[in-house]
Amino acid sequence: MSTRPVLRFAPSPTGLLHVGNARTALYNALYARREGGTFILRYDDTDTARSTQAFAEAIARDVAWLGIPPDRVERQSDRLARYDAAVERLKAEGRLYPAYETEEELETGRLSRRRRGLPPIYDRGALDLSDAERARLEGEGRRPYWRFRLDGRKLAWADLVRGEQAVDTATLSDPVLVRADGSYLYTLTSVVDDIEMGVTHVVRGEDHVTNTGVQIEIIEALGGTPPVFGHHNLLTLPSGEGLSKRLGHLSLAALRKEGEEALAVAALAVLTGTSLAVEPVSDLDTLAARIDFAKISRAPARFDPAELSALTTATLHHLPFATVEERLAQHGVGGGEPFWLAVRGNLGRLGDAAHWWKVVEGPIAPPPQGEDAAFLAQAAERLPPEPWDGEVYTAWLNALKPASGRKGRALFHPLRLALTGAESGPELKALLPLIGREKAEARLKGEPA
Ligand code: GLU
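Residues numbered from 1 in each chain as written. Predicted model: local features only at pLDDT ≥ 70, side-chain atom pairs only at ≥ 80, totals over all residues. Heavy atoms only, no water.

Named according to an unreviewed UniProt entry, the protein chain is Glutamate--tRNA ligase originating from Ancylobacter tetraedralis. Comment text from UniProt for the protein chain, heading Sequence similarities (unreviewed entry), reads "Belongs to the class-I aminoacyl-tRNA synthetase family. Glutamate--tRNA ligase type 1 subfamily." We quote the UniProt Subcellular location (unreviewed entry) comment for the protein chain here in full: "Cytoplasm". (UniProt positions renumbered as here; feature names shortened; annotations may be inferred.)

Written out as structure tokens, the structure reads:
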């Protein structure tokens, strides 16, 4: 038997993914990648009223942007026949039973149990209905919905994040798996998929802890083996407010538009709320190697956009050329690897590279030379002949220093200003060979080039 893990990220396409969803997606995808397993992207789209194709496409874009392309894509809306079969099986085994109570009737039942000091769970009244009573209710126009009859037993699982967890399903209401209109609830569809797709690890937000006991029972009723579960803490806004896909909080699409680096988003989404240090990473494999479910905190963690912005900058300073080559081309930036290595340490956002490319490529307007004009003319004369390599700047300065008698700021600053039109920027040593002799000479003479 293969021991390769199978994990899935199962968003409902009912809104834009936010950084909290990214956290879940990344834990699953990167763990699968690290362990040589399979990562499935599954659209939990059985809620047809709220799911849209546009949101599904946005999710695909966001997942690709994060750099975690799925090995396999599934849509629950394509799998209705599988859920029909599971429902038939559960009905045949007496685990699904029809119920007819309205929401008001259920509420009355809960109040009455509370008054009697009992837990306000479903009293299983529908299990006591005779055939005749059922026929009468249906004759009144009531359509049944279907509940799963829990065993009422003590279940335990070793949670990857939370450690030993226990639940007594006798304290839970029998969950509804099929609505009166025949549509299926997530609890059923998710379990059927996890079994049939061979999911070995379910890593998700801790808002799902309370579903786990019920899901283990349904998995076993369908003849499956429960996967390993891990429930990570949730990310919140800096205010502590929970993230909402519906309200568009901290959406990946918005962060991308603001120029945040996907790798920075990934590093912060994975490392925030753990005992690990938040640090820039130069690729996702490095981040994958850091993942340790036991180091995830139990308390919710704040996601700070200001921290993300700083991490984007720090991330850019490390990125290898191959990672950014395509995006630089999209920004119209040339100069290859030498240009990237020259400027990456000066970027706040990748898009800033376009500014420095403009400086290299020209033309730039010559700033006034003032009292440095004679020195700059001398500097132009002493430019070494081409071809130029990485050492040309040092050779040039070594000639210029004794000739001009200048040193320090008096030497460097007028050169930088004339060559780049800017007070500060990437190292001239790296920029000069990229600018080239012809443009450098013209700029030093105060001509636009
Ligand atoms: N569609 C569910 C959600 O987005 C998936 C939960 C799960 O991973 O089981 O919350």
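Additional details are given in the paragraphs that follow.
Participant: Whenever I open this one, the overall build of the protein chain confuses me. Can you help?
Facilitator: From N to C terminus, the protein chain includes 19 helices and twelve strands. The C-alpha radius of gyration of the protein chain comes to 31 Å, more than 25% above the 22 Å expected for a compact globule of 449 residues. Across its three principal directions, the C-alpha atoms of the protein chain cover 110 × 45 × 40 Å. A burial count over the protein chain gives 46% of its 449 residues as buried. Across the protein chain, the fraction of contacts at a sequence separation of at least 24, relative to all contacts at a separation of at least 6, is 74%. Surface accessibility of the protein chain: about 20900 Å² in total, with carbon and sulfur atoms responsible for 52%. With 55 positive and 62 negative side-chain charges, the protein chain shows a spacing of 2 Å between the two charge centroids. (Helix = DSSP H or I, 4+ residues; strand = E, 2+ residues; numbered from the N terminus. Rg over C-alpha atoms; globule rule 2.2 N^0.38 Å. Buried < 20%, exposed > 50% of the residue type's maximum accessible area, 1.4 Å probe, protein only. Contact = heavy atoms within 4.5 Å. Areas by Shrake-Rupley, 256 points an atom, 1.4 Å probe, with all protein chains shown as cover. Lys, Arg positive; Asp, Glu negative; His and termini not counted. Charge placed at Lys NZ, Arg CZ, Asp CG, Glu CD.)

Participant: Sorry, what's going on with the site of the ligand here?
Facilitator: Taken together, Arg8, Ala10, Pro11, Asp44, Tyr186, Ser190, Arg204 and His208 make up all the residues around the ligand. Arg8 has a polar side-chain atom sitting 2.6 Å from an oxygen atom of the ligand. Within the contact set of the ligand, an oxygen atom lies 2.8 Å away from a side-chain nitrogen or oxygen of His208. Compared with its free state, where it exposes 300 Å², the ligand has 80% of that area covered by protein. Per-class residue counts for the shell around the ligand are three nonpolar, two polar and three charged. (Near = heavy atom within 4 Å. Polar contact = N/O pair within 3.5 Å; in protein donor to acceptor, adjacent residues only side chain to side chain. Nonpolar A, V, L, I, M, F, W, Y, C, P; charged D, E, K, R; others polar.)

Participant: Where do I start with the packing of helix α17 (residues 408-420) against helix α18 (residues 428-435) in this structure?
Facilitator: Any two packed helices are characterised by how steeply their axes cross, that is the angle between the axes, and by the distance between the axes. At a minimum axis separation of 12 Å, α17 and α18 run at an interaxial angle of 40 degrees. The handedness of the crossing between α17 and α18 is left-handed. Only Leu428, Leu431, Leu432 and Ile435 of α18 make contact with α17, whose side of the interface consists of Phe412, Leu415, Arg416, Leu419 and Thr420. Among the residues making up the contact of α17 with α18, the classes are represented as seven nonpolar, one polar and one charged. (Axes fitted to C-alpha atoms, helices over the stretch in contact; angles between N-to-C directions. Left-handed = near helix turned anticlockwise from the far one by under 90°.)

Participant: Could you clarify how one ought to interpret the pattern of salt bridges in this entry?
Facilitator: A side chain with one charge may pair with a side chain of the opposite charge, provided their charged atoms come close. Across all of its chains, the model carries 35 salt bridges by this definition. A single salt-bridge network, built from bridges that share partners, covers Arg8, Arg42, Asp44, Arg79, Arg82, Asp193, Asp194 and Glu196. (Salt bridge = Lys/Arg side-chain N within 4 Å of Asp/Glu carboxyl O.)

Participant: Sorry if this is basic, but what is going on with the environment of Thr200 here?
Facilitator: Mapping Thr200 onto the fold places it in the loop between α6 (186-196) and β9 (201-205). Using a relative accessible area of 27% as the deciding quantity, one classes Thr200 as partly exposed. Along the backbone, Thr200 and Arg4 are 196 residues apart, and their C-alpha atoms lie at a distance of 8.6 Å. Once you skip the residues sitting within four places of it in the chain, Thr200 turns out to touch Arg4, Pro5, Val6, Pro227 and Val228. Within the local environment of Thr200, its side chain forms a polar contact with the backbone nitrogen of Val6, the two atoms lying 2.8 Å apart.

Participant: In this structure, what is going on with the environment of His413? I would like to understand it.
Facilitator: With respect to the helices and strands, the residue His413 is situated in helix α17. Residue classification places His413 among the buried positions, given a relative accessible area of 17%. For His413 and Gly20, which are 393 residues apart along the polypeptide, the C-alpha to C-alpha distance reads 47 Å. Only 2.6 Å separates the side chain of His413 from the side chain of Glu423, close enough to count as a polar contact.

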